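Chain by chain, the residues:
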Amino acid sequence: MIDRIASFGRSGADLIISLGRAGRFLAGVLSGVPRPATGFPLLMKQLYSVGVLSLAIIVVSGLFIGMVLGLQGYTILSDFGSEAAIGQMIALTLVRELGPVVTALLFAGRAGSALTAEIGLMKATEQLSSMEMMGVDPLRRVIAPRLWAGFIAMPVLAIIFSMVGIWGGMLVGVEWLGVFEGSYWGNMQASVDFWDDVVNGVIKSVVFGFVCAWIAVYQGYDCVPTSAGISSATTKTVVYSSLAVLGLDFVLTAVMFGNF
Amino acid sequence: MGLSSYISLKDVVFSRSGRRIFNGVSVEIPRGKITAIMGPSGTGKTTLLRLIGGQLRQDSGSVMVDGHSISDLRRKELYKFREKMGMLFQSGALFTDLSVYENVAFPMRVHTKLPEDMIHDIVLMKLEAVGLRGARKLMPSELSGGMNRRVALARSIALDPELIMYDEPFAGQDPIGMGVLVKLIRDLNSSMGLTSVLVSHDVKESLSICHYACILADGKVIGAGTPAELQDHPSEQVQQFLNGHPDGPVPFHYPSSAASEDFGLSGGVS
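What counts and how
- Residues numbered from 1 in each chain as written.
- Chains lettered and ligands numbered in written order.
- Predicted model: local features only at pLDDT ≥ 70, side-chain atom pairs only at ≥ 80, totals over all residues.
- Heavy atoms only, no water.
- 1 Å grid on protein atoms, 1.4 Å probe; cavity = no way out; pocket = protein on both sides within 12 Å on 5 of 7 lines; lining within 4 Å.
- Points joined across faces, edges and corners; volume = space filled by probe spheres on them.
- Helix = DSSP H or I, 4+ residues; strand = E, 2+ residues; numbered from the N terminus.
- Nonpolar A, V, L, I, M, F, W, Y, C, P; charged D, E, K, R; others polar.
- Axes fitted to C-alpha atoms, helices over the stretch in contact; angles between N-to-C directions.
- Parallel < 35°, antiparallel > 145°, perpendicular 65-115°, else oblique.
- Contact = heavy atoms within 4.5 Å.

Caption draft 1: Spotlight on the layout of surface pockets. In this structure, the largest pocket occupies an estimated 1,200 Å³ of space. Together, 29 residues line the largest pocket, and Lys-123, Glu-132 and Tyr-221 of chain A together with Gln-55 and Leu-56 of chain B are the ones closest to its centre. Breaking the lining of the largest pocket down by element, the ones donating at least two residues are helix 1 (2-30), helix 4 (86-124), helix 5 (127-133) and helix 8 (194-222) of chain A together with helix 1 (45-52) and helix 2 (75-81) of chain B. Here the element with the most residues in the lining of the largest pocket is helix 1 of chain A; it accounts for four residues. Classifying every residue of the lining of the largest pocket gives 11 nonpolar, six polar and 12 charged. Here the second largest pocket is characterised by a volume of approximately 950 Å³. Val-33, Pro-34, Arg-35, Asp-137 and Arg-140 of chain A are the residues nearest the centre of the second largest pocket, which is lined by 29 residues in total. Those elements that provide at least two residues to the lining of the second largest pocket are helix 1, helix 2 (36-51) and helix 6 (138-176) of chain A together with helix 2 and helix 3 (100-111) of chain B. Of the residues that constitute the lining of the second largest pocket, the class distribution is 13 nonpolar, seven polar and nine charged.

So, in structure tokens, the structure goes:
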């Protein structure tokens, strides 16, 4: 019994130490103003890597999720004779919830794991150490552009996801199942509020982007520099990011849409 | 610190993960000379370089480089100070997403505002010095292990440092590659007036080029001096290391319980 309590306490202490290290790491990355001449090209390169190269999975997933929502929504709503509200349902579901959340989960799986593996491998092959010995701070040169790129790319990807999803829902609802196109777009326009729905969705994706990118770069930088260590760090990135996104989604939803 | 010492370590104590690596190590590294730090694997030779470079901090004692206490430098000052240092890592540590040319140009692009044509000329001169001017367009993945280290050497001297540290430069090299590196280390030291610190357990090659050497074992310095002085050193442990004897003060057998216990022999074995 005493051992269990001790083990529980040790786990708690380890968690707090780990959070403290991650916080100190973040402060190190964000401190200092990058020089635009050197910082901008590095940021562009990372935006391409984490943003543009994630487009394919985001667009395809958005399309299918929109199409599934169209099918499911039509089946449910037609029982009540309100299939005309399908556009409203798809748009609110995507913009408020599925857009930010699914994009963040896909981002953690595609870009987050790649970031962790890349940084971990740079650590294992002493590239980060050699940078330090050349008088170049790897936190600013390697980590900061990747963190900012994740932070910037995520909301853009989430918006694209929602747009493609709404279009996919239209393909199924309007083109295939015969819902009147005017109802699809008209109901959507009347019920989706720019500030309450769209902006709140974007705020969610900004938060998720920051958290996912932070977890990914920290896990890479802090990993044990061996093949097993990098593998473990990559897994942790996906698991921690997914849990953080789902947990934060509940908190943000309660704050934004709770009405209490 | 003596006037001729560029690096001075005094009573350095350092522990990691609960294990004592250095237990009062004192080393003087003279300016403009090649000093070899030798010792069996796992004695903390690379750790010593990291203490000199400020990547690790000692628990107690002092690490002075060119009159500056490394552990007292602030983060920004330390990064500035490192511009005077070059380090050749065991793996080469080239940036895998940059070509050979861009790897050598990297420190200049970051730390100087030199025009592109001047960077071009300096990169070619540095690559010429290591015999790889013709390989400038290759990527690190296209280089052999020896070429990789020579490019890394060209990169580490790109800013004409005062100090260069070599971490196991001969490990895993064929005889030709080893000969090339020995020549390069000697030539660079004499032509650029560098202070060189060479960490290695390749006794023959290290003693052939160094002016001074010190041998680390069990967390302390067990022998130091010129190569000739070390060859005549009275310590059995030094002689065992230099001559590669399999048994001696460093035992062949890892500490264990009595063999009779492990083999389950009640009568014991002799």
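Caption draft 2: View of empty space enclosed by the protein. What the rule picks out here adds up to one cavity of 30 Å³ or more. Here the largest cavity is characterised by a volume of approximately 130 Å³. If you trace the largest cavity, you find 15 residues lining it, with Met-134 of chain A together with Met-85, Gly-86, Arg-155 and Ser-156 of chain B closest to the centre. Counting residues per element, the lining of the largest cavity draws most heavily on strand 6 (residues 85-88) of chain B, at three residues.

Caption draft 3: How the structure looks around the packing of helix 2 of chain A against helix 4 of chain A. Residues and elements named next belong to chain A. Between helix 2 and helix 4, the shortest axis-to-axis distance is 9 Å and the interhelical angle comes to 135°. The pairing of helix 2 with helix 4 is recorded here as oblique in orientation. Contact residues: Gln-46, Ser-49 and Val-50 in helix 2; Phe-107, Arg-110, Ala-111 and Leu-115 in helix 4. Along the lines of polarity and charge, the residues of the contact of helix 2 with helix 4 split into four nonpolar, two polar and one charged.

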